[in-house]
Every structure is written in structure tokens, then in C-alpha cells.
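Structural overview for review
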Amino acid sequence: MSEQITERLLRSDDPEPIRFLDAEGGYAPSGTAAEYAAELEGIGVDDFKQWYRDMVSTRAFDTECTHLQRQGQLALWVPSVGQEGCQVGLVRATEPQDHVFPAYREHLVAQVRGVDLLSIAAQFRGVTHGGWDITDPANGNVHLYTLVLGSQTQHATGHALAQVLDAKRRSGSTTLDAGEAGTPTGEATMVFYGDGTSSQGDPNEAMIFAASYQTPEVFVVQNNGWAISVPVARQSRTPLYRRALGFGLRAVQIDGNDPLAAYAVGRRFMRLAREGAGPGYIEALTYRIGAHTTADDPTRYRPEGELESWQLRDPIARLEAYLRGLGVDDAFFAEVAETADQQAKAVRDQILTLPAPHPESMFAHVYAEPHPRIDEQRAWFAEYESSFEGGAE
């Protein structure tokens, strides 16, 4: 890590970020990793191979969607290339009953929990309200992508409070007193956002609320060093995890390109949340290899050499090196690459044949119940469309 990057993400008096794999993929735990090592017990080569498959398949899909946007087939695309390591470890640390609130680049998280990649692409093609049905169990309790920065943190905290209230109701408790201990819920909520969003009011308000009511929640900040063009050093003069400590959350900083570290810490924090030990906060130091979105040009603001430095710590390459050290042969990696390419191209072809929605659909699901304003707007739209020759199609 270059001195410039180190200065932006770390401070000399902070503990070393939790890490199990070094930059070359060798097993070399940091001193801070020891207390989390037990979380990896029972996780073996077959699990790591699945994680690798998750990462490669998501990146292949990601690449196809970037190409489609450049061809005018998607309105926008938000790439996650380079951030697959923390995402795979964290999502694999969740349990089926948990809920996940993503931002807008958690493609791997959504896929692992059950969301069809086509549903993700459909949102960016502009042919669906949100992408998928959160009430469908097949979608693994993954809530919709949030393009309004930070609002998902308050949605997540509200949901986590509901998990507390439901657990209290089941036990016959009606108290919610200030300072009382957390409530075991048996389920937890994980919410994702980036370092730029940490400057919004919403996540800070959400952390206050989460700490006050000891919600079963884990905040995940994927700190890739840049909020579009603004460096994290401009946003915070202290590492971001320290802010969470000030709110009363347990908080740590991890090597976000190490899936083992993400899994170990994520598993511990989610378990503690389910047991009633309150909310946690994970700052994952990672890097987006590509642009913030396809509307961004990072070459205008990122310093020379920074991208190349982070490419040497690509999370997929690190996990591949680790797997090779465990004896996994070339045939596995070749099969994963071929399968990922075929799946990504299949989704690409499906994207191009997605039907256009009927204009009437824009009025659906705005409110849970019929609403007079929606009726007015629907009537106005129908009259407007009928004013054209041929009317609405």
C-alpha cells in the first residue's frame, strides 16, 4: 500500500486492520485477527471454492452490464469490480432469516441471497420499479437497491427495531426503557453503504437510533477511498470506524479485500446482534477498480499509481492464490471462468429482450392502499396520452 493511500485510510495509532490473507493470498493473519480466528473453524476448501465462484460470476456479469451501458442498453451501471472480497465474506456470514439492505453496488450480495441477476439489470434498464419482490422468499430478504444516498440506513434501523419489538412481543415484554439491555431476536439486519454516504445525515442518525435501542444490526461501510471525486481524507480526519465507536457501537476496521476477514468479523458481529448484544459497525478498506458509475471518469481525480497499487491486491486474485496453495488445480479455475462467462452472456441476452413496462405500471405500489392523488394523476396521464393521435400504446 502506497504511503498516500495509507495516510488516507489509516492512522498510526489505530490497530492494524483485521486480515487473514496477505496481498499475495498467503495465510498471514494480522495480530488483530487472532480473536476472530475461531469464526473460520468448519470453513474449508469447498466453501472457499464457492466463494471464489460467487466472485468470478458476479464480476463477469458486472463486466457485461458495463458494456451494455456503453452501448446504450442500460441507462446507468454501478460497477462493483474490486469490492467482491468483502461482499462475499459478509453475505456468507448471514443466516437465511437475516435481512439485508444494500446500497446500489451489492450485486454479489444480492445474487448469493437469491436475487436473479436479471432483476438487478432490469432496474438499471429502467423497466421495473425496483427490480425484485422483497416479499418473495426466493429473494432472500434482500431489500431494494437505494439510489438516494443513506436512506437505506434508516430503513434498516427501523426494520431492526421491528425485529426487537417482535421478539419482545413473543416474550410478553412491553418495555423499551432507556439504557435497558438488548433483546435476543434470533435474526439480524445488515446494511451496506460507502464512505461517501458516511457524510450524510441519515447514517449518523441511524447509528444514534441503533445504539439507543440496541437494534440487532450491522453497519457495513465499504471504504474505497473516494466518494466519487472526493477523497475520504476530505470527509473525515479520523478513520470512519472511530465515528461508530463514538455512537456506542462495536466497531472495527478490516482488510476489505480479504474475504476471510470479512466472513470472520461479519459472522461474529451478526451473531452478537442476534443474541441481543447490540449493533456493530465494520469499515472494510477496499477499492473500486472501475468508475463510481458509468457516468464517472476516475482518471480525472485519482492520483497516478493508485489504481495499479490496488490491482495488485485484487480480492479474486488473492483468493485464487490461497486456493492454489490448498491444492486446487487449474481445471477448477478454468471451469469457473467458462461457466461465469456463459452465465453472464445468457443474462446479457435476456436483458436485451426484457419487455417495456406499460405506462400504467408507474402508478402501482406507490402507496399500500388506493390513494386519491394517485387516482388524479392516473386520470390526468390517461387524458394526456389520449390527446396524441393513436393514444397510449
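What counts and how
Residues numbered from 1 in each chain as written. Predicted model: local features only at pLDDT ≥ 70, side-chain atom pairs only at ≥ 80, totals over all residues. Heavy atoms only, no water. Helix = DSSP H or I, 4+ residues; strand = E, 2+ residues; numbered from the N terminus. Rg over C-alpha atoms; globule rule 2.2 N^0.38 Å. Buried < 20%, exposed > 50% of the residue type's maximum accessible area, 1.4 Å probe, protein only. Contact = heavy atoms within 4.5 Å. Areas by Shrake-Rupley, 256 points an atom, 1.4 Å probe, with all protein chains shown as cover. Lys, Arg positive; Asp, Glu negative; His and termini not counted. Charge placed at Lys NZ, Arg CZ, Asp CG, Glu CD. Arc of directions from axis to C-beta. Polar contact = N/O pair within 3.5 Å; in protein donor to acceptor, adjacent residues only side chain to side chain. Salt bridge = Lys/Arg side-chain N within 4 Å of Asp/Glu carboxyl O. Pairing = 2+ DSSP bridges. Axes fitted to C-alpha atoms, helices over the stretch in contact; angles between N-to-C directions.

Across its full length, the protein chain holds 14 helices and seven strands. For 393 residues, the compact-globule estimate of 2.2 N^0.38 gives 21 Å, and the protein chain sits close to it at 22 Å. By its C-alpha atoms, the protein chain is 70 × 55 × 40 Å across when sized along the principal axes. Burial analysis of the protein chain (393 residues in total) assigns 51% to the buried set. Within the protein chain, counting contacts between residues at least 6 apart in sequence, those at least 24 apart form 75% of the total. Accessible surface, the protein chain as shown: approximately 17,600 Å² in total, 52% of it carbon and sulfur. Charge-centre separation for the protein chain: the mean point of 33 positive side chains lies 4 Å from the mean point of 55 negative side chains.

If you check which residues of helix α12 (residues 315-325) are buried, you get Pro 315, Ile 316, Arg 318, Leu 319, Tyr 322 and Leu 323. Summarising the axial view, the buried residues of α12 lie within an arc of 160°, below the 170-degree limit, and thus occupy one face. Taken together, the buried residues of α12 touch α2 (45-70), α3 (84-91), β6 (250-255), α10 (259-274) and α13 (330-352). The distance from a side-chain oxygen at the start of α12 to the backbone nitrogen of Ile 316 is 2.8 Å, and the residue carrying that oxygen is Asp 314. Once α12 ends, the next one or two residues include Gly 327, with phi positive near 100°.

This brings us to the pattern of salt bridges. Inspection of the entire model under this criterion finds 21 salt bridges. Arg 324 is the salt-bridge partner of Asp 330, the closest N and O atoms lying 2.6 Å from each other. The exposure class of Arg 324 is partly exposed, given its relative accessible area of 37%. A salt bridge links Asp 349 to Arg 348; its shortest N-O distance comes to 3.3 Å.

Another point: the sheet that holds strand β2 (residues 189-194). Strand order in the open sheet made by the five strands is β1-β2-β3-β7-β6, with parallel pairing throughout. Among the strands making up the open sheet, the edge pair consists of β1 (99-101) and β6. Strand-to-strand twist across the sheet, computed as the mean angle between neighbouring axes with direction ignored, equals 20°. Pairing of β1 with β2 involves three bridges; the strand directions are parallel. Bridging across to β2, Val 100 finds its partner in Met 190. Along the sheet, helix α6 (residues 151-171) makes contact with β1, β2 and β3 (217-223), crossing β2 at roughly 170°.

We now examine the side chain of Thr 185. With respect to the helices and strands, Thr 185 occurs in the loop between α6 and β2. If near-sequence neighbours (up to four positions away) are discounted, Thr 185 is found in contact with Gln 163, Val 164, Ala 167, Arg 170, Pro 216, Ala 273 and Arg 274.

The next thing to look at is unusual backbone geometry. One non-glycine residue, Asn 141, lies in the positive phi region at around 60°. If you trace the backbone, Asn 141 turns up in the loop between α5 (117-125) and α6. We note that Ile 228 has phi near 55°; this positive angle belongs to a residue other than glycine. By the secondary structure assignment, Ile 228 is in the loop between β4 (226-227) and β5 (230-231). Judged by relative accessible area, Ile 228 falls into the partly exposed class, the value being 38%.

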